[in-house]
Amino acid sequence: MERVVVVGAGAMGCLFAGRLARAGKMVTLVDIDADRLEQIAKRGVELHDECGNCVMAVGTALAADAPNADLLLLFTKAMHSRAAIQSVARLADGHCCALTLQNGLGNAEAISEVFTPDRTLVGVTDWPADLSPPNAVAAHGTGHVWLGSFTAGGQSSAVEAVKCLNAAAMQAQHDPLVLAAIWEKAAFNAALNALATILDRRVGGLDSPEGRRVATAVIDETIAVANAQGIRMDRDRLLAKTDFALTNHRAHKPSMLQDRQAGRTTEIEAINGQIIAAAKRAGLAAPVTETLAELVRMGEPGRI
(Lines give C-alpha, C1' and ligand atoms only; values in the text may rest on other atoms or scores of the structure.)
Protein backbone atom coordinates (compact mmCIF):
# COMPACT_ATOMS: atom_id res chain seq x y z
CA MET A 1 0.00 0.00 0.00
CA GLU A 2 1.90 3.02 -1.32
CA ARG A 3 -0.89 5.48 -2.17
CA VAL A 4 -2.76 6.80 0.84
CA VAL A 5 -5.70 9.21 1.01
CA VAL A 6 -6.42 10.72 4.42
CA VAL A 7 -9.93 12.15 4.74
CA GLY A 8 -10.05 14.80 7.45
CA ALA A 9 -7.25 17.34 7.93
CA GLY A 10 -7.62 17.65 11.68
CA ALA A 11 -5.06 16.69 14.30
CA MET A 12 -5.08 12.94 13.69
CA GLY A 13 -5.34 13.27 9.93
CA CYS A 14 -2.35 15.61 9.79
CA LEU A 15 -0.33 13.43 12.19
CA PHE A 16 -0.83 10.27 10.14
CA ALA A 17 -0.41 12.11 6.83
CA GLY A 18 2.84 13.72 7.94
CA ARG A 19 4.35 10.52 9.30
CA LEU A 20 3.30 8.46 6.27
CA ALA A 21 4.76 11.10 3.93
CA ARG A 22 8.01 11.03 5.92
CA ALA A 23 8.07 7.26 5.35
CA GLY A 24 7.91 7.80 1.59
CA LYS A 25 4.24 7.08 0.99
CA MET A 26 2.30 9.10 -1.60
CA VAL A 27 -0.15 10.90 0.68
CA THR A 28 -3.11 13.13 -0.16
CA LEU A 29 -5.09 15.01 2.49
CA VAL A 30 -8.79 15.51 1.71
CA ASP A 31 -10.99 17.98 3.56
CA ILE A 32 -13.93 20.32 3.02
CA ASP A 33 -11.90 23.29 4.32
CA ALA A 34 -10.39 24.66 1.11
CA ASP A 35 -8.49 27.40 2.94
CA ARG A 36 -6.74 24.91 5.22
CA LEU A 37 -5.89 22.69 2.28
CA GLU A 38 -4.41 25.67 0.45
CA GLN A 39 -2.20 26.50 3.43
CA ILE A 40 -1.06 22.87 3.75
CA ALA A 41 -0.34 22.74 0.03
CA LYS A 42 1.85 25.83 0.35
CA ARG A 43 3.49 25.13 3.70
CA GLY A 44 3.31 21.35 4.13
CA VAL A 45 2.48 19.57 7.37
CA GLU A 46 4.63 20.89 10.21
CA LEU A 47 5.24 17.76 12.27
CA HIS A 48 6.48 17.71 15.87
CA ASP A 49 6.90 14.23 17.33
CA GLU A 50 9.38 11.91 19.04
CA CYS A 51 11.59 12.05 15.95
CA GLY A 52 11.95 15.82 16.16
CA ASN A 53 10.55 18.63 14.04
CA CYS A 54 10.12 18.57 10.28
CA VAL A 55 7.92 19.86 7.48
CA MET A 56 6.47 17.26 5.12
CA ALA A 57 5.01 18.00 1.70
CA VAL A 58 1.71 16.19 1.13
CA GLY A 59 -0.86 16.34 -1.61
CA THR A 60 -4.17 18.06 -0.95
CA ALA A 61 -7.56 17.76 -2.63
CA LEU A 62 -11.23 18.34 -2.20
CA ALA A 63 -13.26 15.12 -2.17
CA ALA A 64 -14.25 15.38 -5.83
CA ASP A 65 -10.57 15.49 -6.83
CA ALA A 66 -9.24 12.77 -4.52
CA PRO A 67 -6.79 10.50 -6.39
CA ASN A 68 -7.03 6.73 -6.55
CA ALA A 69 -5.50 5.02 -3.54
CA ASP A 70 -4.55 1.71 -2.00
CA LEU A 71 -5.62 2.78 1.47
CA LEU A 72 -8.06 5.42 2.69
CA LEU A 73 -7.89 6.63 6.29
CA LEU A 74 -11.06 8.24 7.63
CA PHE A 75 -10.37 10.83 10.33
CA THR A 76 -13.42 13.08 10.27
CA LYS A 77 -15.56 13.56 13.37
CA ALA A 78 -17.86 10.60 13.85
CA MET A 79 -21.02 12.60 13.12
CA HIS A 80 -19.61 13.36 9.65
CA SER A 81 -18.51 9.80 8.77
CA ARG A 82 -21.40 8.89 6.49
CA ALA A 83 -21.27 12.11 4.45
CA ALA A 84 -17.46 12.04 4.27
CA ILE A 85 -17.18 8.47 3.02
CA GLN A 86 -19.95 9.02 0.47
CA SER A 87 -18.07 12.05 -0.85
CA VAL A 88 -15.17 9.80 -1.90
CA ALA A 89 -17.31 6.85 -2.99
CA ARG A 90 -15.59 6.69 -6.38
CA LEU A 91 -12.44 5.42 -4.60
CA ALA A 92 -14.36 2.23 -3.72
CA ASP A 93 -13.01 0.52 -6.82
CA GLY A 94 -12.62 -2.96 -5.39
CA HIS A 95 -8.92 -2.37 -4.78
CA CYS A 96 -8.79 0.42 -2.19
CA CYS A 97 -9.46 -0.40 1.46
CA ALA A 98 -10.91 2.11 3.91
CA LEU A 99 -9.79 2.20 7.55
CA THR A 100 -11.49 4.01 10.43
CA LEU A 101 -9.45 4.83 13.51
CA GLN A 102 -12.01 7.39 14.64
CA ASN A 103 -13.46 7.89 18.07
CA GLY A 104 -16.85 6.46 18.86
CA LEU A 105 -19.00 3.64 17.60
CA GLY A 106 -20.79 3.10 14.27
CA ASN A 107 -18.09 4.41 11.90
CA ALA A 108 -17.31 1.05 10.28
CA GLU A 109 -20.98 0.55 9.49
CA ALA A 110 -21.02 3.89 7.64
CA ILE A 111 -17.92 2.94 5.63
CA SER A 112 -19.25 -0.51 4.72
CA GLU A 113 -22.25 1.10 3.01
CA VAL A 114 -19.84 2.48 0.38
CA PHE A 115 -16.79 0.22 0.51
CA THR A 116 -17.81 -3.41 0.65
CA PRO A 117 -17.56 -4.95 4.14
CA ASP A 118 -14.49 -6.98 3.17
CA ARG A 119 -12.78 -3.72 2.10
CA THR A 120 -13.70 -2.04 5.38
CA LEU A 121 -11.03 -2.03 8.09
CA VAL A 122 -11.65 -1.04 11.69
CA GLY A 123 -9.32 -0.10 14.48
CA VAL A 124 -8.32 2.20 17.27
CA THR A 125 -5.30 4.33 18.08
CA ASP A 126 -4.03 5.98 21.21
CA TRP A 127 -1.61 8.31 19.43
CA PRO A 128 -2.05 11.77 20.98
CA ALA A 129 -2.17 14.70 18.57
CA ASP A 130 -2.78 18.43 18.97
CA LEU A 131 -3.35 20.67 15.96
CA SER A 132 -2.21 24.26 15.65
CA PRO A 133 -4.13 25.38 12.56
CA PRO A 134 -3.67 25.46 9.75
CA ASN A 135 -0.72 23.08 9.29
CA ALA A 136 1.15 22.23 12.53
CA VAL A 137 0.54 19.05 14.51
CA ALA A 138 2.29 17.84 17.66
CA ALA A 139 2.32 14.37 19.20
CA HIS A 140 2.93 14.54 22.94
CA GLY A 141 4.42 11.06 23.34
CA THR A 142 3.94 7.96 21.25
CA GLY A 143 1.06 5.56 20.68
CA HIS A 144 -0.16 2.40 19.02
CA VAL A 145 -2.68 1.25 16.42
CA TRP A 146 -4.76 -1.92 16.65
CA LEU A 147 -6.74 -2.85 13.55
CA GLY A 148 -8.57 -5.69 11.89
CA SER A 149 -11.15 -6.35 9.19
CA PHE A 150 -14.85 -5.63 9.51
CA THR A 151 -15.43 -9.14 8.11
CA ALA A 152 -13.37 -12.32 8.15
CA GLY A 153 -12.74 -12.01 4.40
CA GLY A 154 -10.66 -8.88 4.78
CA GLN A 155 -7.96 -10.04 7.15
CA SER A 156 -5.23 -10.09 4.50
CA SER A 157 -5.99 -6.44 3.72
CA ALA A 158 -5.73 -5.65 7.42
CA VAL A 159 -2.26 -7.20 7.50
CA GLU A 160 -1.20 -5.03 4.54
CA ALA A 161 -2.55 -1.92 6.26
CA VAL A 162 -0.49 -2.77 9.35
CA LYS A 163 2.64 -2.95 7.18
CA CYS A 164 1.81 0.41 5.64
CA LEU A 165 1.37 2.12 9.00
CA ASN A 166 4.45 0.51 10.48
CA ALA A 167 6.53 1.93 7.65
CA ALA A 168 5.72 5.22 9.41
CA ALA A 169 6.59 3.75 12.85
CA MET A 170 2.97 3.92 14.01
CA GLN A 171 3.38 0.76 16.14
CA ALA A 172 0.44 -0.95 14.44
CA GLN A 173 -0.74 -4.46 15.25
CA HIS A 174 -3.18 -6.78 13.53
CA ASP A 175 -5.95 -7.67 15.97
CA PRO A 176 -8.63 -10.12 14.76
CA LEU A 177 -10.64 -9.27 17.90
CA VAL A 178 -10.46 -5.55 17.28
CA LEU A 179 -14.11 -4.99 18.24
CA ALA A 180 -13.14 -5.33 21.89
CA ALA A 181 -10.39 -2.74 21.37
CA ILE A 182 -12.91 -0.36 19.79
CA TRP A 183 -15.17 -0.68 22.82
CA GLU A 184 -12.17 -0.23 25.11
CA LYS A 185 -11.31 3.04 23.38
CA ALA A 186 -14.93 4.15 23.58
CA ALA A 187 -14.79 3.55 27.34
CA PHE A 188 -11.47 5.42 27.60
CA ASN A 189 -12.83 8.41 25.65
CA ALA A 190 -16.19 8.40 27.41
CA ALA A 191 -14.29 8.88 30.66
CA LEU A 192 -11.32 11.12 29.88
CA ASN A 193 -12.56 13.13 26.89
CA ALA A 194 -15.86 13.99 28.51
CA LEU A 195 -14.25 14.83 31.84
CA ALA A 196 -11.60 17.03 30.21
CA THR A 197 -14.31 18.87 28.28
CA ILE A 198 -16.44 19.49 31.35
CA LEU A 199 -13.49 20.69 33.43
CA ASP A 200 -11.71 22.50 30.58
CA ARG A 201 -8.46 20.72 31.46
CA ARG A 202 -5.76 18.82 29.62
CA VAL A 203 -5.25 15.16 30.52
CA GLY A 204 -2.85 15.94 33.35
CA GLY A 205 -5.55 18.01 35.03
CA LEU A 206 -7.66 14.86 35.48
CA ASP A 207 -4.98 13.04 37.47
CA SER A 208 -6.51 13.15 40.92
CA PRO A 209 -8.27 10.61 43.14
CA GLU A 210 -11.61 12.09 42.11
CA GLY A 211 -10.76 12.02 38.41
CA ARG A 212 -9.56 8.45 38.58
CA ARG A 213 -12.71 7.34 40.44
CA VAL A 214 -14.97 8.90 37.81
CA ALA A 215 -12.95 7.40 34.96
CA THR A 216 -13.02 3.95 36.57
CA ALA A 217 -16.80 4.15 37.04
CA VAL A 218 -17.32 4.94 33.35
CA ILE A 219 -15.00 2.10 32.36
CA ASP A 220 -16.87 -0.38 34.54
CA GLU A 221 -20.25 0.74 33.16
CA THR A 222 -19.00 0.36 29.58
CA ILE A 223 -17.55 -3.07 30.27
CA ALA A 224 -20.95 -4.20 31.55
CA VAL A 225 -22.65 -2.92 28.38
CA ALA A 226 -20.08 -4.62 26.13
CA ASN A 227 -20.39 -7.89 28.06
CA ALA A 228 -24.14 -7.83 27.46
CA GLN A 229 -23.37 -7.94 23.73
CA GLY A 230 -20.88 -10.78 24.04
CA ILE A 231 -17.85 -8.49 23.76
CA ARG A 232 -15.18 -9.24 26.32
CA MET A 233 -13.00 -6.35 27.43
CA ASP A 234 -9.81 -6.51 29.47
CA ARG A 235 -10.46 -4.31 32.52
CA ASP A 236 -6.90 -4.45 33.79
CA ARG A 237 -5.49 -3.44 30.41
CA LEU A 238 -7.99 -0.59 30.10
CA LEU A 239 -7.20 0.75 33.56
CA ALA A 240 -3.49 0.50 32.74
CA LYS A 241 -4.02 2.49 29.53
CA THR A 242 -5.91 5.14 31.47
CA ASP A 243 -3.14 5.34 34.04
CA PHE A 244 -0.54 5.59 31.26
CA ALA A 245 -2.41 8.50 29.65
CA LEU A 246 -2.82 10.34 32.95
CA THR A 247 0.88 9.87 33.69
CA ASN A 248 2.50 10.29 30.27
CA HIS A 249 0.10 12.32 28.10
CA ARG A 250 -0.42 15.10 30.62
CA ALA A 251 -0.04 17.92 28.07
CA HIS A 252 -2.50 16.36 25.61
CA LYS A 253 -5.72 18.22 24.92
CA PRO A 254 -8.41 15.65 23.96
CA SER A 255 -10.21 16.25 20.68
CA MET A 256 -13.53 16.74 22.45
CA LEU A 257 -12.04 19.58 24.48
CA GLN A 258 -10.51 21.06 21.32
CA ASP A 259 -13.96 21.05 19.73
CA ARG A 260 -15.52 22.70 22.78
CA GLN A 261 -12.91 25.46 22.89
CA ALA A 262 -13.36 26.08 19.16
CA GLY A 263 -17.14 26.33 19.51
CA ARG A 264 -17.80 23.16 17.52
CA THR A 265 -20.24 20.35 18.24
CA THR A 266 -18.47 17.52 20.07
CA GLU A 267 -18.56 13.77 19.45
CA ILE A 268 -20.40 13.13 22.71
CA GLU A 269 -23.27 11.34 20.95
CA ALA A 270 -20.93 8.95 19.10
CA ILE A 271 -19.09 8.08 22.32
CA ASN A 272 -21.04 8.40 25.58
CA GLY A 273 -24.32 8.59 23.68
CA GLN A 274 -23.75 5.29 21.89
CA ILE A 275 -22.76 3.57 25.14
CA ILE A 276 -25.88 4.88 26.86
CA ALA A 277 -28.10 3.75 23.98
CA ALA A 278 -26.57 0.27 24.06
CA ALA A 279 -27.03 0.15 27.83
CA LYS A 280 -30.73 0.94 27.49
CA ARG A 281 -31.16 -1.73 24.82
CA ALA A 282 -29.58 -4.22 27.22
CA GLY A 283 -31.70 -3.07 30.16
CA LEU A 284 -28.67 -1.73 32.01
CA ALA A 285 -27.98 1.56 33.78
CA ALA A 286 -24.91 3.70 33.11
CA PRO A 287 -25.47 6.65 35.46
CA VAL A 288 -21.94 8.11 35.52
CA THR A 289 -21.53 7.84 31.74
CA GLU A 290 -24.93 9.45 31.26
CA THR A 291 -24.23 12.26 33.73
CA LEU A 292 -21.01 13.16 31.91
CA ALA A 293 -22.91 13.13 28.61
CA GLU A 294 -25.59 15.45 29.95
CA LEU A 295 -22.98 17.89 31.27
CA VAL A 296 -21.18 17.97 27.92
CA ARG A 297 -24.50 18.40 26.09
CA MET A 298 -25.30 21.44 28.21
CA GLY A 299 -22.28 23.21 26.71
CA GLU A 300 -22.92 22.32 23.06
CA PRO A 301 -23.31 25.16 20.56
CA GLY A 302 -26.81 26.63 20.64
CA ARG A 303 -27.56 25.45 24.17
CA ILE A 304 -28.49 28.07 26.72
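What you see is a predicted model; the values in this text were computed from it and never measured.

K.L.:
Sorry if this is basic, but what is going on with the overall build of the chain here?
P.N.:
Scanning the chain from N- to C-terminus turns up eleven helices and twelve strands. For 304 residues, the compact-globule formula gives about 19 Å, and the C-alpha radius of gyration of the chain, at 18 Å, lands near that figure. Looking at the chain as a whole, 53% of its 304 residues are labelled buried. Of the roughly 12,500 Å² of accessible surface on the chain, 54% is carried by carbon and sulfur atoms. Charge-centre separation for the chain: the mean point of 29 positive side chains lies 2 Å from the mean point of 33 negative side chains.

K.L.:
I would appreciate a short explanation of the side chain of Thr266 in the present structure.
P.N.:
Turning to its location among the elements, Thr266 is positioned in the loop between helix H9 (255-261) and helix H10 (269-281). Among the polar contacts listed, one links the side chain of Thr266 to the backbone nitrogen of Ile268, at a separation of 3.3 Å. A distance of 3.2 Å separates polar atoms of two side chains, one belonging to Thr266 and the other to Glu300. Look past the residues within four positions of Thr266 in its chain and what remains in contact with it is Met79, Met256, Asp259, Arg260, Val296 and Glu300.

K.L.:
What is the right way to read the nonpolar core from this model?
P.N.:
When a protein is soluble and globular, its nonpolar side chains tend to lie buried together. Ranked by internal contacts, the top residues of the largest apolar core, which has 43 residues, are Trp183, Leu192, Met233 and Ile275. Of all the elements in the fold, those that place two or more residues in this core are strand E8 (120-125), helix H6 (178-199), helix H7 (209-228), helix H8 (235-248), H10 and helix H11 (287-298). With 14 residues, H6 is the largest single contributor of residues to this core. Sequence-distant contacts of Leu192, that is, excluding residues within four places in its chain, are made with Leu206, Ala215, Thr242, Ala245 and Leu246. If you look at the next biggest cluster of nonpolar residues, it comprises 39 residues, including Cys14, Leu15, Leu131 and Ala168.

K.L.:
Where do I start with the sheet that holds strand E7 (residues 97-100) in this structure?
P.N.:
Pairing between the strands of a sheet comes from backbone hydrogen bonds, and it takes one of two forms, parallel or antiparallel. Strand order in the open sheet formed by eight strands is E5-E2-E1-E6-E7-E8-E11-E12, with mixed pairing between adjacent strands. Strands at the two margins of the open sheet, each flanked by one partner only, are strand E5 (59-61) and strand E12 (172-174). Between one strand axis and the next, the sheet turns through 25° on average, direction left out of account. Both strand E1 (residues 3-7) and strand E6 (residues 71-74) contribute to a ladder of four bridges, which runs parallel. Bridged to Val5 within E6 is Leu72. With respect to the sheet, H6 is in contact with E8 and strand E11 (145-149), its orientation differing from that of E8 by roughly 45°.

K.L.:
I keep staring at H7 and nothing clicks. Help me out?
P.N.:
Structurally, the α-helix is built with 3.6 residues per turn, so residues lying three or four positions apart point the same way. The first and last C-alpha atoms of H7 sit 29 Å apart over 20 residues, in line with the 28 Å expected at 1.5 Å per residue. Among all positions in H7, only Gly211, Ala215, Val218, Ile219, Glu221, Thr222, Ile223, Val225 and Ala226 are buried.

K.L.:
Just to check I follow, could you spell out the pattern of salt bridges for this structure?
P.N.:
In total, this model carries 19 salt bridges according to the counting rule given. Residue Asp70 pairs with Arg3 through a salt bridge whose shortest N-O separation is 3.0 Å. With Asp70 in the loop between E5 and E6 and Arg3 in strand E1, the pair connects residues that are 67 residues apart, well separated along the chain. Assessed through its relative accessible area of 31%, Arg3 is described here as partly exposed. Between Arg212 and Asp207 there is a salt bridge; the shortest N-O distance is 2.9 Å. For Asp207, a relative accessible area of 29% corresponds to the partly exposed category. Linked by salt bridges that have partners in common, Arg19, Arg22, Asp49 and Glu50 make up one network.

K.L.:
Would you mind showing me how to read the environment of Gln258 here?
P.N.:
Mapped onto the fold, Gln258 is located in helix H9. Expressed as a C-alpha distance, the spacing of Gln258 and Val214, which sit 44 residues apart in the sequence, is 21 Å. Setting aside residues no more than four positions away along its own chain, Gln258 makes contact with Ala129, Asp130, Leu131, Lys253 and Arg264. Side chain to side chain, Gln258 and Asp130 meet in a polar contact 3.1 Å long.

K.L.:
Can you help me understand the sheet that holds strand E10 (residues 136-138) in this one?
P.N.:
With respect to topology, four strands assemble into an open sheet ordered E4-E3-E10-E9, the strand pairing being mixed. Among the strands making up the open sheet, the edge pair consists of strand E4 (52-56) and strand E9 (130-132). Sheet twist, expressed as the average angle between the axes of neighbouring strands with direction ignored, equals 20°. In terms of strand pairing, E9 meets E10 through three bridges, oriented antiparallel. Pairing of Leu131 across the sheet is with Val137, part of E10. Against the sheet, helix H1 (residues 11-22) contacts strand E3 (45-49), E4, E9 and E10, and its axis sits at roughly 90° relative to E3.

Scoring rules and cut-offs
Residues numbered from 1 in each chain as written. Predicted model: local features only at pLDDT ≥ 70, side-chain atom pairs only at ≥ 80, totals over all residues. Heavy atoms only, no water. Helix = DSSP H or I, 4+ residues; strand = E, 2+ residues; numbered from the N terminus. Rg over C-alpha atoms; globule rule 2.2 N^0.38 Å. Buried < 20%, exposed > 50% of the residue type's maximum accessible area, 1.4 Å probe, protein only. Areas by Shrake-Rupley, 256 points an atom, 1.4 Å probe, with all protein chains shown as cover. Lys, Arg positive; Asp, Glu negative; His and termini not counted. Charge placed at Lys NZ, Arg CZ, Asp CG, Glu CD. Polar contact = N/O pair within 3.5 Å; in protein donor to acceptor, adjacent residues only side chain to side chain. Contact = heavy atoms within 4.5 Å. Core = buried A, V, L, I, M, F, W, Y, C linked by side-chain atoms within 4.5 Å. Pairing = 2+ DSSP bridges. Axes fitted to C-alpha atoms, helices over the stretch in contact; angles between N-to-C directions. Expected span 1.5 Å × (residues − 1). Salt bridge = Lys/Arg side-chain N within 4 Å of Asp/Glu carboxyl O.

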